[in-house]
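# Structural features, examined
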Amino acid sequence: MPVAQIVEVGLRDGLQNETGELSLKDRYQLVKKLSVSGLKRIELGSFVSPKAIPQMQCVPELTKKVLLAQRKGSLPKNTIYSAFVPNQKGFEKAAQCGLQEISFFVSCTESFSQKNINMSIKDSLKVLNFICQKARSLKIKVRVYLSAAFACPYEGNVAPAKVARLADRIMQEGVFELSVSDTIGVAVYTDVLSLMNPLLKKTPASKIALHFHDTRGMALANVLAGLETGVKVFDASIGGLGGCPYAPGASGNIATEDMVYMLEKMNFQTGVQISDLIKTTHYLEKKLNRTLPAKLRLRAI
């Protein structure tokens, strides 16, 4: 039975765009519920300035609480907890908290890079180089989100050849995984195939994850295209939470429960219990006081 892996990004890519605020206690309970469901990779949030994204201000405290609980056996030992860092300062804070995996951002367009992290692509690659060098000395794994890989909210469509060249440059830094991202959710099945063709010539499928937003309802079809090209790692967000503060019109990531349902029905092993995910979505809806877009949220499995 083939294995597919899911990276849960709801606590970061999901909550950063929510107007409702989850307390530290609520976030910890969310981490616990996601961990118990069988998810093995969970992103806790972003080490960013609270002035930039107020929803992430408790992430350092949450990270310490989660890692302490894991050491004490209150959370699964084999779950990998990570966080996003936008710069050197964020990396240093994440490292001080004890994280063994972090993620970084590189945009495929200059406009989105400036809007998101206030620096050029060239400068972001310099920061990546610094972070990767520091990470190697601390034995911290680095993942990179290659954002706006299909289209940019400011510059339009992005050429696959450009994305492939940038991906190759990033992989030369020694990152362990590249999450190729449809940040605004405009890609369709054939777009994924068109991008993966040049991308896979230099970057193996085992080093690639795919990150789809469901703005136009195409995310599950895009996952199918990714599976066809040999990719087995996909980002998802519990309940379909999400959006990007710097990508106007982008909706949430593909819902974790919807993706697990499809993969399991296709005989991929995920190790995740859908019933637990649905209960977690119901928990989140009560806390956020709104209905989430996941298709399975009201179904019995």
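Relevant structure appears above.
Residues numbered from 1 in each chain as written. Predicted model: local features only at pLDDT ≥ 70, side-chain atom pairs only at ≥ 80, totals over all residues. Heavy atoms only, no water.

### Topic: the overall build of the chain
For the chain, the count of helices and strands is 11 helices and 10 strands. For 301 residues, the compact-globule formula gives about 19 Å, and the C-alpha radius of gyration of the chain, at 18 Å, lands near that figure. Seen through its C-alpha atoms, the chain measures out along the principal axes to roughly 45 × 40 × 35 Å. Every one of the 301 residues in the chain was classed for burial, and the buried ones make up 56%. (Helix = DSSP H or I, 4+ residues; strand = E, 2+ residues; numbered from the N terminus. Rg over C-alpha atoms; globule rule 2.2 N^0.38 Å. Buried < 20%, exposed > 50% of the residue type's maximum accessible area, 1.4 Å probe, protein only.)

### Let's talk about the environment of S107
Inspection of the secondary structure puts S107 in strand β4 (residues 101–107). You can call S107 buried: its relative accessible area is 0%. With sequence-adjacent residues up to four places away left out, S107 is seen in contact with F112, S113, I121, S147, A148 and L166. At a separation of 2.8 Å, a polar atom in the side chain of S107 contacts the main-chain carbonyl oxygen of T109. (Contact = heavy atoms within 4.5 Å. Polar contact = N/O pair within 3.5 Å; in protein donor to acceptor, adjacent residues only side chain to side chain.)

### As for the pattern of salt bridges
Applying the stated criterion across every chain yields a total of 12 salt bridges. In this structure, D26 engages K287 in a salt bridge whose closest nitrogen and oxygen atoms are separated by 3.4 Å. Of this pair, D26 sits in helix α2 (residues 24–36) while K287 is found in helix α11 (residues 274–288), placing the two residues 261 residues apart along the sequence. Judged by its relative accessible area of 14%, D26 is buried. Classification of K287 by relative accessible area gives partly exposed; the value is 40%. (Salt bridge = Lys/Arg side-chain N within 4 Å of Asp/Glu carboxyl O.)

### A short note on helix α4 (residues 88–97)
Where α4 is concerned, the buried positions are G90, F91, A94 and C97. Buried residues along α4 cover an arc of 125° about the axis, so they all sit on one side. Exposed side chains of α4 directed beyond 90 degrees from the buried face belong to K89 and Q96. Residue N87 occupies the N-cap position of α4, its side-chain oxygen lying 3.3 Å from the main-chain nitrogen of K89. Among the residues trailing α4, G98 stands out with phi positive, at a value near 100°. (Arc of directions from axis to C-beta.)

### Some thoughts on the packing of helix α10 (residues 256–265) against α11
At a closest axis distance of 9 Å, the pairing of α10 and α11 adopts a crossing angle of 165°. Here α10 lies roughly antiparallel to α11, going by the angle between them. In this structure, α10 crosses over α11, and the sense of that crossing is left-handed. Residues T256, E257, V260 and Y261 of α10 touch α11, and the partners they reach there are I274, L277 and T281. (Axes fitted to C-alpha atoms, helices over the stretch in contact; angles between N-to-C directions. Parallel < 35°, antiparallel > 145°, perpendicular 65-115°, else oblique. Left-handed = near helix turned anticlockwise from the far one by under 90°.)

### A few points about the pairing of strand β9 (residues 208–212)
Within β9, 5 of the 5 residues are buried, which leaves it mostly tucked inside the rest of the structure. Alternating positions in β9 separate into two faces, I208, L210 and F212 on one and A209 and H211 on the other, with burial throughout. The pairing of strand β8 (residues 177–182) with β9 spans 5 bridges and is classified as parallel. Bridging from a neighbouring strand, V180 pairs with L210 of β9. Once the chain exits β8 it traverses helix α8 (residues 189–199) before rejoining the sheet at β9, and the crossover so formed is right-handed. (Pairing = 2+ DSSP bridges. Right-handed = clockwise from strand over helix to strand, strands pointing away.)

### Overview of the sheet that holds β8
An order of β1-β2-β3-β4-β5-β8-β9-β10 is seen for the 8 strands of this closed barrel, with the pairing classed as parallel. Taking the axes of each pair of neighbouring strands and ignoring which way they run, one obtains an average angle of 30° across the sheet.

### A word on the nonpolar core
The nonpolar side chains of soluble globular proteins are, as a tendency, buried together. V106, L128, V142, V144, L146, I170 and V180 are the most contacted members of the largest nonpolar core, which totals 100 residues. The leading source of residues in this core is helix α6 (residues 121–138), at 7 residues. Ignoring any residue separated from it by four or fewer positions in sequence, one finds V180 in contact with L146, A149, F150, L195, L199, I208, A209, L210 and H211. (Core = buried A, V, L, I, M, F, W, Y, C linked by side-chain atoms within 4.5 Å.)

### Section: the pairing of strand β2 (residues 41–46)
Most of β2 is tucked away: 6 of the 6 residues are buried. Strand direction decides the pairing type here: strand β1 (residues 5–8) and β2, joined by 2 bridges, are parallel. The partner of V7 across the bridge, within β2, is R41. One ladder, built from 4 bridges, connects β2 with strand β3 (residues 80–84); its direction is parallel. Residue pairing for β3: E43 is matched across the bridge by S82. Taken together, β2, helix α3 (residues 59–72) and β3 form a β-α-β motif whose crossover is right-handed.

### Notes on the packing of α2 against α11
Running from N to C, α2 and α11 point in directions that differ by 165°, and their axes come no closer than 9 Å. In this view, α2 runs roughly antiparallel relative to α11, as classed from their interaxial angle. Crossing of α2 against α11: the hand is left-handed. Across the interface between the two elements, D26, Q29, L30, K33, L34 and V36 of α2 pack against D276, L277, T280, Y283, L284 and K287 of α11. Of the residues assigned to the contact of α2 with α11, the class counts are 6 nonpolar, 2 polar and 4 charged. (Nonpolar A, V, L, I, M, F, W, Y, C, P; charged D, E, K, R; others polar.)

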